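A look at the structure
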Protein chains: 2
Amino acid sequence: MTYTVQIKVMPLKELLDPQGKAVKSSLESLGLEGIEDVRIGKNITLQIEAGDPAQAKQIAEDASKKLLANPVMEYFEINVN
Amino acid sequence: MTYTVQIKVMPLKELLDPQGKAVKSSLESLGLEGIEDVRIGKNITLQIEAGDPAQAKQIAEDASKKLLANPVMEYFEINVN
């Protein structure tokens, strides 16, 4: 069966996110109020052919560790649908 | 109250995603099997000070339309926590 797996890769909470900071100030320049913090990461959608959801999650975790996320600067979360 | 709002910005389904295609072939080179499709977009986390969740969502929608997503190439989804 084919599972849709979402991987969210975000900058570690301890680190500054200069891209997010730039977007925050742009949003303020555009007149949007109430935005206190912006952090920007990646969202990766995989279609994985696997026997069960646990196996699909395992493949996504391998992919994240080997290629998609840099553990020095990022953490990732996996959701299988 | 401060709401955490997640905005997922992804390439439109009708369009090719060359970045996703490149990642797919890299994952195959790494020996990961079963991955049939990869699409890559952005995930933006906002902290929004607002009166209620609907107002926070409205601010996030304005931000997406004005700056975060390019409607010619991308669609967005908003989740308020």
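These figures come from a predicted structure and were not determined experimentally.

If you walk through the whole model with that rule in mind, you get six salt bridges over all chains. One salt bridge connects K24 of chain A with E28 of chain A, and the closest N-O pair in it is separated by 2.9 Å. Residue K24 of chain A and its partner E28 of chain A are both found in helix 1 (residues 18-29); the two are separated by four residues, about one turn of the helix. A relative accessible area of 22% places K24 of chain A in the partly exposed class. Its salt-bridge partner being E61 of chain B, residue K65 of chain B comes within 3.3 Å of it at the nearest N-O pair.

How big an interface is tends to be stated in terms of accessible area lost as the parts join. Residue-level contacts link 32 residues of chain B with 32 residues of chain A. Summing both sides of the interface, chain B and chain A together bury roughly 2,600 Å²; the carbon and sulfur share of this comes to 64%. Residue contributions to the side of chain B that touches chain A peak at 15 residues, all from strand 2 (residues 35-49) of chain B. Pairing of strand 2 (residues 35-49) of chain A with strand 2 of chain B, which is carried by 13 bridges, proceeds in the antiparallel orientation. Across the sheet, the residue bridging to Q47 of chain A is D37 of chain B, located in strand 2 of chain B.

Between chain B and chain A, the superposition needs a rotation of 180° and an axial shift of 0.0 Å, giving an RMSD of 0.0 Å. In the structure described here, the two chain copies are related by an operation that fits a two-fold rotation axis. Within chain B, the C-alpha atom positioned nearest to the axis of rotation is that of K42 of chain B, 2.2 Å from it. Comparing interface residues between copies, 100% of those in chain B also lie at the interface in chain A; the contact surface is shared.

An order of 3(A)-1(A)-2(A)-2(B)-1(B)-3(B) is seen for the six strands of this open sheet, with the pairing classed as antiparallel. This sheet does not close on itself; its edge strands, each paired only once, are strand 3 (74-80) of chain A together with strand 3 (74-80) of chain B. Between one strand and the next, the sheet's axes are offset by a mean angle of 25°, whatever the strand orientation. For strand 1 (residues 2-11) of chain B and strand 2 of chain B, the ladder comprises eight bridges, and the chain directions are antiparallel. Opposite T4 of chain B, over in strand 2 of chain B, you have Q47 of chain B as the bridge partner. Strands in contact with helix 2 (residues 53-68) of chain B are strand 2 of chain A together with strand 1, strand 2 and strand 3 of chain B; relative to strand 3 of chain B, the strand with the most contacts, it is inclined by about 160°.

This brings us to the packing of helix 2 (residues 53-68) of chain A against helix 1 (residues 18-29) of chain B. Packing of helix 2 of chain A against helix 1 of chain B leaves a shortest axis separation of 11 Å and a crossing angle of 100°. Here helix 1 of chain B runs roughly perpendicular to helix 2 of chain A, going by the angle between their axes. Contact residues: helix 2 of chain A offers A63, L67 and L68 of chain A, while helix 1 of chain B offers V23, S26 and L27 of chain B. For the contact of helix 2 of chain A with helix 1 of chain B, the class distribution of residues is five nonpolar, one polar and no charged.

Further remarks concern helix 2 of chain B. If you check helix 2 of chain B, its first and last C-alpha atoms are just 20 Å apart, much less than what 16 residues at 1.5 Å a residue would give, namely 22 Å. Along helix 2 of chain B, the residues classified as buried are A56, I59, A60, A63, S64 and L68 of chain B. For helix 2 of chain B, the buried positions fall inside an angular range of 140° around the axis, keeping them on one side. Every exposed residue of helix 2 of chain B that faces more than 90 degrees away from the buried side is listed here: A54 and K65 of chain B. For helix 2 of chain B, the secondary structure elements touched by its buried residues are helix 1 and strand 2 of chain A together with strand 1, strand 2 and strand 3 of chain B.

The rules we used
Residues numbered from 1 in each chain as written. Chains lettered and ligands numbered in written order. Predicted model: local features only at pLDDT ≥ 70, side-chain atom pairs only at ≥ 80, totals over all residues. Heavy atoms only, no water. Salt bridge = Lys/Arg side-chain N within 4 Å of Asp/Glu carboxyl O. Helix = DSSP H or I, 4+ residues; strand = E, 2+ residues; numbered from the N terminus. Buried < 20%, exposed > 50% of the residue type's maximum accessible area, 1.4 Å probe, protein only. Contact = heavy atoms within 4.5 Å. Buried area = accessible area lost by both parts, 1.4 Å probe. Pairing = 2+ DSSP bridges. Least-squares fit on C-alpha atoms with pLDDT ≥ 70 in both. Axes fitted to C-alpha atoms, helices over the stretch in contact; angles between N-to-C directions. Parallel < 35°, antiparallel > 145°, perpendicular 65-115°, else oblique. Nonpolar A, V, L, I, M, F, W, Y, C, P; charged D, E, K, R; others polar. Expected span 1.5 Å × (residues − 1). Arc of directions from axis to C-beta.

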